[in-house]
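For reference, the chains in residue letters:
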Amino acid sequence: MKTLIVHAHPEPKSLNGSLKDLAVSTLEAAGHEVRVSDLYAMNWKAVVDAADYGSHASSPLRVALDSGRAFDAGTLTPDVLAEQEKLLWADTIVFQFPLWWYTMPAILKGWVDRVFTYRFAYGVGEHSDTKYGERFGEGTLAGRRALLSVTIGGPESHYSARGINGPVEDLLFPFQHGILYYPGIEVLPPFVLHGTDRMTAEDYADAAKAWQQRLLTLESTEPIAFRRQNFGDYEIPSLHLRKGLEPAGRTGFGLHVRD
């Protein structure tokens, strides 16, 4: 297995740093190839601008189209090209990050914004009466798997269906479904650690064991059963879920997961 770990935390000695290091050692000991993109250590540029596209940047800047033209011409900046190559190399991607203000750190969102360019991660496939592009179950990154490893300061009860912060599955839906599944990556159930602001050494020992177990079962873990866009569940071109397919009582993001 070839695994890319995308790590987003500024402190190497943090819990996230420890989990990243444990992932590397665990996977390598099991015979897997591992590469790491440590975004803070790399001083990753987190903002999209015209410099990303060089001579293919238009005025006014059109991020989607300009990024696609630069991608097709092979003239994206070296840092972006390197990350795209890592994604094409990997068959599994692990994202290690803390949940900050209900989402990923800005540097990780900036990695997505710059690396998931038009023509590389989206904007491919035919648009017809039966197909709406190759996405949500199809796409340029199909055949790969991803896992979010997320640390959360608050207790688990705060991130439940009746918790004040909402279900953690809903908070992660934009990343798991909208970013990863969109270009065809199968998404495994996330590894989430709650209450990390008060984690003790004993708590970490338990968490480390659980993390190692998840890592060693990456290949056998069933992905989240997100519905595929072009295979009958959705009306085209409205992309509404067909009536009668919704499980009883289920609404919101949960509609897009099969039983």
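Residues numbered from 1 in each chain as written. Predicted model: local features only at pLDDT ≥ 70, side-chain atom pairs only at ≥ 80, totals over all residues. Heavy atoms only, no water.

Looking up the protein chain in an unreviewed UniProt entry gives the name NAD(P)H dehydrogenase (Quinone), with the organism given as Streptomyces nojiriensis. We quote the UniProt Sequence similarities (unreviewed entry) comment for the protein chain here in full: "Belongs to the NAD(P)H dehydrogenase (quinone) family." (UniProt positions renumbered as here; feature names shortened; annotations may be inferred.)

This brings us to the nonpolar core. Phe95, Leu108 and Trp111 are the most contacted members of the largest nonpolar core, which totals 44 residues. Secondary structure elements with two or more residues in this core: strand E1 (2-7), helix H3 (78-89), strand E3 (92-98), helix H4 (106-115), strand E4 (145-151) and helix H5 (168-181). Top contributing element to this core by residue count: H5, with seven residues. If we ignore the near neighbours within four places in the chain, the residues touching Leu108 are Val6, Ala8, Leu39, Phe95, Phe97 and Phe175. The next biggest cluster of nonpolar side chains, apart from the first, holds 19 residues, and it includes Leu22, Val94, Leu193 and Trp211. (Core = buried A, V, L, I, M, F, W, Y, C linked by side-chain atoms within 4.5 Å. Buried < 20%, exposed > 50% of the residue type's maximum accessible area, 1.4 Å probe, protein only. Helix = DSSP H or I, 4+ residues; strand = E, 2+ residues; numbered from the N terminus. Contact = heavy atoms within 4.5 Å.)

Once that is clear, we can look at the packing of aromatic side chains. What the rule picks out here adds up to twelve aromatic pairs. Summarising the aromatic geometry, the rings of Phe97 and Phe175 are spaced 5.8 Å apart at their centres and angled 35 degrees between planes, so their arrangement reads as tilted. Linking Phe97 in strand E3 with Phe175 in helix H5, this pair joins segments that are 78 residues apart in sequence. Of the two residues, Phe97 and Phe175, both sit in the buried class. A network of ring pairs unites the aromatic residues Phe136, Phe173, Tyr181, Tyr182, Phe226 and Phe253 as a single cluster. Its guanidinium or amino end placed over the ring of Phe231, Arg228 lies 3.7 Å from that ring's centre, counting from NZ or CZ. (Phe/Tyr/Trp six-rings, centres within 6.5 Å; stacked < 30°, edge-to-face > 60°. Lys NZ or Arg CZ within 6 Å of the ring centre and 35° of its normal.)

Quick look at the UniProt feature "domain: Flavodoxin-like fold" (unreviewed entry) in the protein chain now. The feature "domain: Flavodoxin-like fold" (unreviewed entry), as annotated in UniProt, sits at residues 1-215 in this numbering. Between the end C-alpha atoms of residues 1-215 the distance is 11 Å, and the span holds 36% helix and 14% strand.

Before going further, it helps to examine a nonpolar patch on the surface. Taken together, the side chains of Trp100, Trp101 and Tyr102 make up a nonpolar region of the molecular surface, amounting to roughly 430 Å² of accessible area. Its location among the elements puts Tyr102 in the loop between E3 and H4. (Patch = residues over 30% accessible without salt bridge, like charges linked within 9 Å, V, L, I, M, F, W, Y side chains within 5 Å. Areas by Shrake-Rupley, 256 points an atom, 1.4 Å probe, with all protein chains shown as cover. Salt bridge = Lys/Arg side-chain N within 4 Å of Asp/Glu carboxyl O.)

Of all the positions in helix H2 (residues 63-73), only Asp66, Ser67, Gly68 and Ala70 are classed as buried. Directly beyond the C-terminal end of H2, a positive phi value near 75 degrees is found at Gly74.

This part is about the pattern of salt bridges. Applying the stated criterion across every chain yields a total of 15 salt bridges. For Asp21, the salt bridge is made with Lys20, and the minimal N-O distance between the two is 2.9 Å. For Asp21, a relative accessible area of 41% gives the class partly exposed. For Lys20, a relative accessible area of 14% puts it in the buried group.

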